[in-house]
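The primary structure of each chain is shown beneath.
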Amino acid sequence: MSDYPQQPSRGNWLERHFGFAERGTTLARDTMAGVTTFIVMSYIIFVNPQILSFAGIEGLEEAGLPFDAVLAGTCLVAGVMTIAMGLYTNYAYAIAPGLGINATVAFGLVAGEGLGYPAAMGLIVVEGIAVTIFVLTGLRERVMDAIPLELKKAIAIGIGLFIAFIGFESAGFVVQGTPLVDFAPFSTWPIFVAFFGLLLTVALRARRVPGDLLIGIVAATILATIINEASDGDAGFAAGANIPDDVYDSPDLSLLGEFSLSAFGDLAIISAIVWAFSLFMADFFDTMGTLVGVGRPAGYLDEEGRLPEIRKPLLADSLAAVAGGAASTSSATTYIESASGVSVGGRTGWVSVVCGALFLPFMFFAPIIGMVPPEATAPALIIVGFLMMTALTEAEEEAEIEQAAEQGEPPPPVRRGRKLAGIDFSDLGIGLAAALTIMVMPFSFSIADGIGFGFVAFVVVRAAQARWREVHPFMWLASALFALYFLVPFLQDTFDWI
């Protein structure tokens, strides 16, 4: 049973549809909760276009998507799919293009594999359709059960490090050096702005100020623009940091439907399958963790810790992935920032409706949002990476506290510095697989490589330990695909037909 008092729904259509009284909330409270969720997650409006357009990245700008078109698509997909989530599920979950997946598309598929964006977005569409099929057939939950919990946690931590590393690069903190990378000297205006934005955002988060990421982006953008205008545009900012000629403009929807399935011809078939599979897994884990992590404080979970009618939000999320690929905004997914609206009392799908409605007008303000330089959004990436690395540990501790309270026992002590997110590194199979997953993602700049190394290591160690019966058949199949994926360059050099 959920935490909500059971009261009959009455009143106008909104009350009957969303059941504010049944959920122990009000229309006004859920409206403010929707505004709160939007403010906290609205940084994606600035960050997603910059990542997919390669804004400020020397040598890649021409390969990027048009900033204004990605902006319009991001707001459209986030707005429409978040509203759909609220109306269809009556849960307070919000949707937007996911960080991590968009970076994989940009830096892994386009910059790394040399795919065009239409082909890369086609893989997102394929991944979203695959997830939708898994949801409709009930296989999504079975796949989740097949993967060891510790590897699921390692994937989330690795993606967090990957996003943080992108943030450090966008800020200009990390540059090519000796032997590989080095910290850049803090001697330029762009780095000064990034450092200012990071310190301000950290201070705001320490003070628990709602919308800290958004405030940090806006403040850093204002500072960058002042510096750039005072130096007649010679302050060193590669993009943004200038006053636009117009405040608003008609939304550029030219990217809608601009995807193709040519990746299965442009890449080796095994590589294309593994890339789609990796996107599938990243989207998969992010959504499941968010649904449970936000559902617990919202009172959505039953006595066994399960989300009633979980297929509804899963279906909305998987269709959002398809919509994100079709609109060239990368896969859209359920956001952990939904917890911000829940934390101020939001309980119904009206929270999502309000949040989604607030995204839509921003399609018309591309000139203003184009003022934002990469150095202003970099702190948000660093903080989001940190949050992804710590959210699992926090959720685990909360679950232990709740379980102790239900059993009438004192809460367990806070164990700072304990096993990372509950991963047992004394178990070679789990520990090595988790460590490789976490390390390889940022080191190789690839989520796919990180998941692959982790899966293969887990299967190899368990087989060597003669514990192969403990490995789910799905893990054997996935590891075989990843092994083939890693061998593709060798096979292509050896066999002309591959």
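Residues numbered from 1 in each chain as written. Predicted model: local features only at pLDDT ≥ 70, side-chain atom pairs only at ≥ 80, totals over all residues. Heavy atoms only, no water.

In this section: the overall build of the protein. Of regular secondary structure, the protein possesses 20 helices and four strands. With 498 residues in all, the protein has 53% of them scored as buried. A sequence separation of at least 24 residues applies to 76% of the contacts in the protein between residues at least 6 apart. Split by element, the accessible area of the protein, about 21500 Å² in all, is 64% carbon and sulfur. (Helix = DSSP H or I, 4+ residues; strand = E, 2+ residues; numbered from the N terminus. Buried < 20%, exposed > 50% of the residue type's maximum accessible area, 1.4 Å probe, protein only. Contact = heavy atoms within 4.5 Å. Areas by Shrake-Rupley, 256 points an atom, 1.4 Å probe, with all protein chains shown as cover.)

The biggest cluster of nonpolar side chains holds 136 residues, and the ones touching the most others in it are L99, Y117, F455, F474 and M475. At 14 residues, the largest contribution of residues to this core is made by helix α12 (residues 269-298). For L99, the contacting residues outside a window of four places in its chain are Y43, I44, V47, I51, I163, Y335, L381 and V384. Formed by six residues, the second largest nonpolar core is a distinct cluster that contains F18, F20, V353 and V354. (Core = buried A, V, L, I, M, F, W, Y, C linked by side-chain atoms within 4.5 Å.)

Glancing now at the packing of helix α5 (residues 101-110) against helix α6 (residues 117-137). Packing of α5 against α6 brings their axes to within 10 Å, and their N-to-C directions diverge by 135°. The pairing of α5 with α6 is recorded here as oblique in orientation. The element α5 and its partner α6 pack so that their crossing is right-handed. Residues I101, V105, A106, L109 and V110 of α5 pack against Y117, A120, M121, L123 and I124 of α6. Classifying every residue of the contact of α5 with α6 gives 10 nonpolar, no polar and no charged. (Axes fitted to C-alpha atoms, helices over the stretch in contact; angles between N-to-C directions. Parallel < 35°, antiparallel > 145°, perpendicular 65-115°, else oblique. Left-handed = near helix turned anticlockwise from the far one by under 90°. Nonpolar A, V, L, I, M, F, W, Y, C, P; charged D, E, K, R; others polar.)

Attention now moves to the packing of aromatic side chains. Applying the stated criterion to the full structure yields 21 aromatic pairs. Considering the side-chain rings of F277 and F474, the 6.1 Å spacing of their centres and the 50° angle between planes classify their relative orientation as tilted. Of this pair, F277 sits in helix α12 while F474 sits in helix α20 (residues 473-494), and the two are 197 residues apart along the sequence. By relative accessible area, F474 is classed as buried at 16%. Aromatic rings pair up to connect F134, F277, F280, F455, F474 and F482 into one cluster. The residue whose ring lies beneath K312 is Y88, and the NZ or CZ to ring-centre distance is 5.4 Å. (Phe/Tyr/Trp six-rings, centres within 6.5 Å; stacked < 30°, edge-to-face > 60°. Lys NZ or Arg CZ within 6 Å of the ring centre and 35° of its normal.)

This brings us to the packing of helix α4 (residues 67-89) against helix α15 (residues 350-359). At their nearest, the axes of α4 and α15 sit 7 Å apart, and the two run at 165° to each other. One way to sum up the angle between α4 and α15 is to call them roughly antiparallel. You can see that α4 and α15 cross each other, and the crossing is left-handed. Contacts between α4 and α15 involve C75, A78, G79, T82, I83, G86 and L87 from the former and S352, V353, C355, G356, A357 and F359 from the latter. Of the residues contributing to the contact of α4 with α15, the split by class is eight nonpolar, five polar and no charged.

The next point concerns helix α2 (residues 27-41). With 15 residues, α2 extends 21 Å from end C-alpha to end C-alpha; this agrees with the ideal 21 Å at 1.5 Å per step. All of the buried residues in α2 are D30, A33, G34, T36, T37, F38, V40 and M41. Packed against the buried residues of α2 are α3 (43-52), β1 (95-97), α10 (212-230), α14 (338-343) and α15. (Expected span 1.5 Å × (residues − 1).)

So, about unusual backbone geometry. Trans is the prevailing form of peptide bonds, just as negative phi is the prevailing case for residues other than glycine. With phi around 60°, N90 is a residue other than glycine that occupies positive phi space. Relative to the assigned elements, N90 resides in the loop between α4 and β1. Residue N90 is classed as buried on the basis of its relative accessible area, which comes to 12%. The phi dihedral of S330 falls on the positive side, at around 75°, and the residue is not glycine. Mapped onto the elements, S330 comes out in the loop between α13 (311-326) and β4 (332-334). For S330, a relative accessible area of 0% gives the class buried.

All right, on to helix α18 (residues 428-444) then. An ideal rise of 1.5 Å per residue puts 24 Å on 17 residues; α18 measures up with 22 Å between its terminal C-alpha atoms. Those residues of α18 hidden inside the fold are in contact with α8 (149-171) and α19 (447-464). Where α18 starts, the residue carrying a side-chain oxygen 3.0 Å from the main-chain nitrogen of G429 turns out to be D427. (Polar contact = N/O pair within 3.5 Å; in protein donor to acceptor, adjacent residues only side chain to side chain.)

Another aspect to go through is a nonpolar patch on the surface. Among the surface-exposed residues, V247, Y248, F364, F365 and I368 lie close enough to one another that they form a single nonpolar patch of about 470 Å² accessible area. Residue placement: F365 occurs in the loop between α15 and α16 (366-369). (Patch = residues over 30% accessible without salt bridge, like charges linked within 9 Å, V, L, I, M, F, W, Y side chains within 5 Å. Salt bridge = Lys/Arg side-chain N within 4 Å of Asp/Glu carboxyl O.)

Attention now goes to the confidence of the model for the protein. On average, residues of the protein carry a pLDDT of 85, and 89% of them reach 70 or more. Looking across the protein, the model is least confident in helix α17 (residues 374-406), with a mean pLDDT of 67, and most confident in α4, with 97. Predicted confidence is poor over residues 414-420, with pLDDT under 50, and the contacts of this stretch with residues over four places away or in other chains come to 10 contacts. (pLDDT = per-residue confidence, 0-100.)

Overall, the coordinates contain five salt bridges when judged by the stated rule. Measuring nitrogen to oxygen at the nearest pair gives 2.7 Å for the salt bridge that ties R205 to D212. When its relative accessible area of 3% is taken as the criterion, D212 is described as buried. Residue R462 is joined to D427 by a salt bridge in which the shortest nitrogen-to-oxygen separation is 2.9 Å. Placement of R462 in helix α19 and of D427 in the loop between α17 and α18 is noted, with a sequence separation of 35 residues between them. Residues R462 and D427 agree in their burial class; the two are buried. Here the residues in one salt-bridge network are D427, R462, R467 and E470, joined through shared partners.

The topology assignment puts A111 in the loop between α5 and α6. Judged by relative accessible area, which is 36%, A111 ranks as partly exposed. Apart from residues no more than four positions distant in its own chain, A111 is found in contact with F54, L60 and A106.

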